[in-house]
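# Structural features, examined
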2 protein chains.
Amino acid sequence: MIWNEEIECMSREDIEELQLKKLQNILKYAYDNVDYYHNKYDSMNIYPEDIQTLKDIEKLPFTTKDELREYYPFGMFAVDPKKIIEVHSSSGTTGKPVVSGYTQKDIESWSEIIARGLSMMGVTDEDIIQNTHGYGLFTGGFGIHYGAHKVGATVIPISTGQSRRQIEIMEDFGTTVMIFTPSYGLYLAELAIEEGFDFKNSSIKSIGFGAEMWTNEMRKEIEKRFNAPAYNIYGLTELMGPGVGIECSTQEGLHISEDYFYPEIIDPETLKTQGENTKGELVLTNLEREGMPIIRFRTKDISSITKETCQCGRTTSRMTRITGRSDDMLKVKGVAIFPSQIEKALLKVNNIEPHYQIIVTRPHLMDEIEVKVEASKELFFDEIKEMMNVKKKIEEYIESEIGLRVKVTLVEPKSIPRSKGKAVRVIDTRDIH
Amino acid sequence: MIWNEEIECMSREDIEELQLKKLQNILKYAYDNVDYYHNKYDSMNIYPEDIQTLKDIEKLPFTTKDELREYYPFGMFAVDPKKIIEVHSSSGTTGKPVVSGYTQKDIESWSEIIARGLSMMGVTDEDIIQNTHGYGLFTGGFGIHYGAHKVGATVIPISTGQSRRQIEIMEDFGTTVMIFTPSYGLYLAELAIEEGFDFKNSSIKSIGFGAEMWTNEMRKEIEKRFNAPAYNIYGLTELMGPGVGIECSTQEGLHISEDYFYPEIIDPETLKTQGENTKGELVLTNLEREGMPIIRFRTKDISSITKETCQCGRTTSRMTRITGRSDDMLKVKGVAIFPSQIEKALLKVNNIEPHYQIIVTRPHLMDEIEVKVEASKELFFDEIKEMMNVKKKIEEYIESEIGLRVKVTLVEPKSIPRSKGKAVRVIDTRDIH
Ligand SMILES: [Zn+2]
Ligand SMILES: [Zn+2]
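Residues numbered from 1 in each chain as written. Chains lettered and ligands numbered in written order. Predicted model: local features only at pLDDT ≥ 70, side-chain atom pairs only at ≥ 80, totals over all residues. Heavy atoms only, no water.

Below, the discussion takes up the sheet that holds strand 18 (residues 352-361) of chain B. All names here are of chain B. With respect to topology, 4 strands assemble into an open sheet ordered 20-19-18-21, the strand pairing being mixed. At either end of the open sheet lies a strand with only one pairing partner, and these are strand 20 (407-411) and strand 21 (426-428). Going from strand to strand, the sheet's axes swing by 20 degrees on average, the running direction of each strand aside. Sheet analysis places strand 18 next to strand 19 (residues 368-375), joined by 7 bridges and oriented antiparallel. Following the sheet pairing, Ile-359 is matched in strand 19 by Glu-370. Each of strand 18, strand 19 and strand 21 touches helix 10 (residues 339-347); the most contacted strand, strand 18, lies at about 140 degrees to it. Across the sheet, helix 12 (residues 384-402) lies against strand 18, strand 19 and strand 20, angled at about 140 degrees from strand 20, the strand it touches most. (Pairing = 2+ DSSP bridges. Helix = DSSP H or I, 4+ residues; strand = E, 2+ residues; numbered from the N terminus. Axes fitted to C-alpha atoms, helices over the stretch in contact; angles between N-to-C directions. Contact = heavy atoms within 4.5 Å.)

Laid out in structure tokens, this is it:
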């Protein structure tokens, strides 16, 4: 079922017209009501009136997480605190947390967005949703909660933890929809099997997962174990919470509620806006938000966007799943590369250890990239011919992953330094990068 | 401010007329839609039509927690599961948990009830409520959350835990209203002082506390530390959640939302309904509830009720704070006695140890009660005269607490057996009790 056919199936022309109108409104609103925008736009001599086409948005400066932190706690609010009815916040594990404020209207918007997504996942008022996302300052739990209310489904707000009870409730309450992070879902599945839960005959028919990076392999594993399709839900506290993008039954990208969010993809180095189907950093703008309108927020999440009409009939833009963080991105010979891609290629090859290093240099004004990989003990003492075979295989897998031929060097087992904290995967000796 | 003056200040006559009408409706509704009531009433040959006055409610059987457990999970629901939008549950630490189901209308009722209570506490749309009650299956967090939305205040749904962060947020967000359990509040206060939080100049102006037993001493301690008045919030999952009764600024009993709940006080032994201002077990009936109407629920909580108009202007019945559980009640010479009362009296006396035992016997067809108390080492080796003085003092304090003269025996230090689990405070050797 399509929750809001009028919006979700609007022609691209109409949706872009609507977006432009909303963009112009919110820019004026933000400029008039938030010092941050007022001062920044003034200092750059750019004004809401200068935005006459959607493309004009590129004239506007970005908003970064660090800037939001500077305005902690309520400096980005556009309304009298009296109008704010709910506050959420990021965890603030590094530095000051980012605070997000919602008016009554914003909570209604959030409910609408999630209601659309739950409908994509096949959820109706007959469903029983077991919401294992944490409630609290984290936005995960509440977004789904409000959306479930809107759809009229039954929500079990169990939150994370009490894992054995989760399984008891899946069984006793006849849960039809599970919401979890991929890692918690996999943990629950394991525990459930241990407890003798019968997934084959369970009432679970749909899964929503998010709030963590994931791979297609993880999704397949979740779907296999729960015996139900699993749909990705994307969002972030700064912009609203979960619901910015949600997958439909085709599982080919996350539909963005484009009357609420204007998505762009930029090259995180040049900051230039990219065309359709090109990977880069996702930038998001709230097109409708009273409490805390955010303009051109750099999510640091790597994705790409297509505007092609989906097989499900919806015309809204779709984003691919997040495949990395722009902080991790390497640009080599003009190509964006993520360590995760190298890792993925290496996982397909036998006889090597899961330790590698990416070394980027620029010896003759030209980028060079080398990947050092530890051979297994067996391979290392094997014939040289076998080592050459493995090396070639790795080069091929990496090329098919990143579209670039790199030099692979097999090194002695345990020769790549181990670090206690985050492994140093990348050594980039170029002056500029 | 009085949130709903029409209801909260209605004349007793009108409110009782309204209650009767609502009672008759919900009885018919429960009988028609819930097998439990239908079968039970049929078997007792009592029917909704037999209830022609409020007093007629006494003809109806009680509903107990054990019965609700038998109908786990959804057997007490009065509507098609489609209409249920949220489910909560008790912890189920002993036996099967009790499940509570809410329709959209029930959530609205809950919001209204809490909005009235928050208004009693002086909360308006200008306030910032830090809700440290747990969200999840527990009803504590959500009740306050919905009520805060209704009032238009800002709710910070931080939930329990992250205690240092709680204090940071009290400071940074300018929290004006704290919601906590008394024990968590006292813990937070201690930690806050450790962290240098300045309660004297803090923005906190009102506190709502509940979900635990408490004493007046605890309240005073909380008020002193937080430098703000603290109001009790009472409720239970079976009936709805927090909000059944909430204290107004006079702090003289908890106002019951009598258009939603019909309260009775019964003698937990004879099960007879008690008059005003008589202590006994609180029995509650939902007067308006779609999802799961509960009729004459034995709360096991000990309270008493007054219908006198409150100094705040509200006319709704008020219940006293819960002073015990009917399971702990002793009936001696026709008087209800709680171990907590004895304990309270003992706390006022010096030179004794906090170890005691209540011994009830019936040697000559008449109840006798003796309280054994350990003397301190010093007292035990003191003159007999001093011991007699202390003994007399304890007897007086106990009499003023329970209204009955009991025999007190001072015993040697460490002579009362220590138990590892719950202390055996009462030894009752009567045949019937
Ligand atoms: Zn689609
Ligand atoms: Zn009052």
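Moving on, we come to the sheet that holds strand 11 (residues 280-286) of chain A. Residues and elements named next belong to chain A. Taken together, 4 strands build an open sheet; the order of strands is 10-11-12-15 and the sheet is antiparallel. The outermost strands of the open sheet, each flanked by one partner alone, are strand 10 (261-266) and strand 15 (324-325). Bridge analysis of strand 10 against strand 11 gives 6 bridges, and the strand direction is antiparallel. What sits directly across from Ile-265, in strand 11, is Leu-282.

Here the focus is the pairing of strand 7 (residues 230-236) of chain B. Residue and element names in this part refer to chain B. Most of strand 7 is tucked away, with 6 of its 7 residues classed as buried. The parallel pair strand 6 (residues 206-210) and strand 7 is bridged by helix 9 (residues 216-226), and the resulting crossover is right-handed. Where strand 7 meets strand 8 (residues 241-247), 4 bridges bridge the pair, whose relative direction is antiparallel. In the strand pairing of strand 8, Tyr-234 is matched with Gly-245. (Buried < 20%, exposed > 50% of the residue type's maximum accessible area, 1.4 Å probe, protein only. Right-handed = clockwise from strand over helix to strand, strands pointing away.)

Turning next to the coordination of the zinc ion (ligand 2). Residues and elements named next belong to chain B. Here the zinc ion (ligand 2) is held by the protein donor atoms Cys-248 (SG), His-255 (NE2), Cys-310 (SG) and Cys-312 (SG), which lie 2.1 to 2.3 Å from it. Seen from the zinc ion (ligand 2), its 4 donor atoms lie at angles of 102 to 115 degrees, and the figure they make is tetrahedral. Mapped onto the sequence, the donors of the zinc ion (ligand 2) take the spacing C-x6-H-x54-C-x1-C. For Cys-310, a relative accessible area of 5% corresponds to the buried category. With a relative accessible area of 21%, Cys-312 lands in the partly exposed category. (Donors = N, O, S within 2.8 Å, 3.2 Å for Na, K, Ca; no water. Tetrahedral: all angles 85-135°; square planar, octahedral: opposite > 155°, others 65-115°.)

Superposition of chain B onto chain A requires a rotation of 180 degrees combined with a translation of 0.0 Å along the rotation axis, giving an RMSD of 0.2 Å. Interpreted geometrically, this transformation is the action of a two-fold axis. Ranked by how close their C-alpha atoms come to the rotation axis, the residues of chain B are headed by Tyr135(B), at 3.1 Å. A share of 100% of the interface residues of chain B reappears at the interface of chain A, consistent with the copies meeting face to face through the same patch. (Least-squares fit on C-alpha atoms with pLDDT ≥ 70 in both.)

It is worth spelling out the packing of helix 7 (residues 163-172) of chain B against helix 8 (residues 182-194) of chain B at this point. The geometry of a pair of packed helices is captured by two quantities: the angle between their axes and the separation between those axes. Residue and element names in this part refer to chain B. Two elements in contact, helix 7 and helix 8, have axes whose closest approach is 10 Å; the angle formed by their N-to-C orientations is 70 degrees. Judged by the angle between their axes, helix 7 and helix 8 are roughly perpendicular. For the pair helix 7 and helix 8, the contacting residues are Ser-163, Arg-164, Gln-166 and Ile-167 in the first and Tyr-184, Tyr-187, Leu-188, Leu-191, Ala-192 and Glu-194 in the second. Of the residues contributing to the contact of helix 7 with helix 8, the split by class is 6 nonpolar, 2 polar and 2 charged. (Parallel < 35°, antiparallel > 145°, perpendicular 65-115°, else oblique. Nonpolar A, V, L, I, M, F, W, Y, C, P; charged D, E, K, R; others polar.)

Residues and elements named next belong to chain B. Counting buried positions along strand 6 gives 5 out of 5 residues, so the element sits mostly inside the fold. Alternating positions in strand 6 separate into two faces, Ser-206, Gly-208 and Gly-210 on one and Ile-207 and Phe-209 on the other, with burial throughout. In this sheet, strand 7 lies alongside strand 6 in parallel orientation, the contact comprising 4 bridges. Note that in strand 7 the partner of Phe-209 across the bridge is Asn-232.

Residues and elements named next belong to chain A. The zinc ion (ligand 1) binds to the protein through Cys-248 (SG), His-255 (NE2), Cys-310 (SG) and Cys-312 (SG), with metal-donor distances spanning 2.1 to 2.2 Å. Every donor counted, the 4 donor atoms about the zinc ion (ligand 1) form angles of 105 to 115 degrees at the centre, which fits tetrahedral coordination. Expressed as a motif, the donor residue spacing for the zinc ion (ligand 1) is C-x6-H-x54-C-x1-C. With Cys-248 in the loop between strand 8 (241-247) and strand 9 (254-256) and Cys-312 in the loop between strand 13 (305-306) and strand 14 (318-319), the pair connects residues that are 64 residues apart, well separated along the chain. For Cys-248, a relative accessible area of 1% gives the class buried.

With that settled, the discussion passes to the domain arrangement of chain A. Residues and elements named next belong to chain A. In terms of domain boundaries, chain A breaks down into domain 1 (1-327) and domain 2 (330-428). Each of domain 1 and domain 2 has a C-alpha centre, and the two are 35 Å apart. Between domain 1 and domain 2, the contact holds 6 residues from the first and 4 residues from the second. Roughly 490 Å² of surface becomes buried between domain 1 and domain 2 when both sides are summed, with 45% attributable to carbon and sulfur atoms. Linking domain 1 to domain 2 there are 1 salt bridge. The partner of Lys-331 in a salt bridge is Asp-267, with the nearest N and O atoms 2.2 Å apart. For the side of domain 1 that touches domain 2, the residue count by class is 1 nonpolar, 1 polar and 4 charged. (Domains from an automatic or database assignment. Buried area = accessible area lost by both parts, 1.4 Å probe. Salt bridge = Lys/Arg side-chain N within 4 Å of Asp/Glu carboxyl O.)

All names here are of chain B. Here helix 8 is 13 residues long and its end C-alpha atoms lie 19 Å apart, about the 18 Å a rise of 1.5 Å per residue gives. Every buried residue of helix 8 is accounted for by Pro-182, Tyr-184, Gly-185, Leu-186, Leu-188, Ala-189, Leu-191 and Ala-192. Next to the buried residues of helix 8 lie helix 7, strand 5 (177-180), strand 6 and helix 9. Directly after helix 8, the chain includes Gly-196, whose backbone phi takes a positive value near 80 degrees. (Expected span 1.5 Å × (residues − 1).)

Tallying the contact residues gives 40 residues for chain B and 40 residues for chain A. Taken together, the two surfaces of chain B and chain A that pack against each other cover about 3,100 Å², and 59% of this comes from carbon and sulfur. Its largest share of buried area at the contact with chain A, chain B owes to Lys82(B), Leu137(B) and Phe173(B), together 19% of the area lost on that side. In this assembly, chain B and chain A are joined by 6 salt bridges. One salt bridge connects Asp125(A) with Lys82(B), and the closest N-O pair in it is separated by 3.9 Å. Seen at the junction of chain B and chain A, the total is 20 residue pairs in polar contact (both at pLDDT 80 or more). (Polar contact = N/O pair within 3.5 Å; in protein donor to acceptor, adjacent residues only side chain to side chain.)

All names here are of chain B. With the rule as written, the count across this model stands at 74 salt bridges over all chains. Between Asp-259 and Arg-116 there is a salt bridge, and its shortest N-O distance comes to 2.8 Å. Of the two residues, Asp-259 is situated in the loop between strand 9 (254-256) and strand 10 (261-266) and Arg-116 in helix 5 (residues 104-120); the sequence distance between them amounts to 143 residues. When sorted by exposure, Asp-259 lands in the same class as Arg-116, which is buried. Arg-298 is paired through a salt bridge with Glu-281; the nearest N and O atoms lie 2.7 Å apart.

So, on to helix 6 (residues 140-151) of chain B. Residue and element names in this part refer to chain B. Along its 12 residues, helix 6 runs 17 Å from first to last C-alpha, staying within 8% of the 16 Å computed at 1.5 Å per residue. By the criterion of burial, helix 6 is predominantly enclosed, with 11 of the 12 residues buried. Downstream of helix 6 by one or two residues, Gly-152 has phi in the positive range, about 90 degrees.

The next point concerns the environment of Glu70(A). All names here are of chain A. Note on placement: Glu-70 falls in helix 4 (residues 65-70). Glu-70 sits in the exposed class, given a relative accessible area of 63%. Glu-70 sits 27 residues away from Pro-97 along the chain, and the two C-alpha atoms are 9.7 Å apart.

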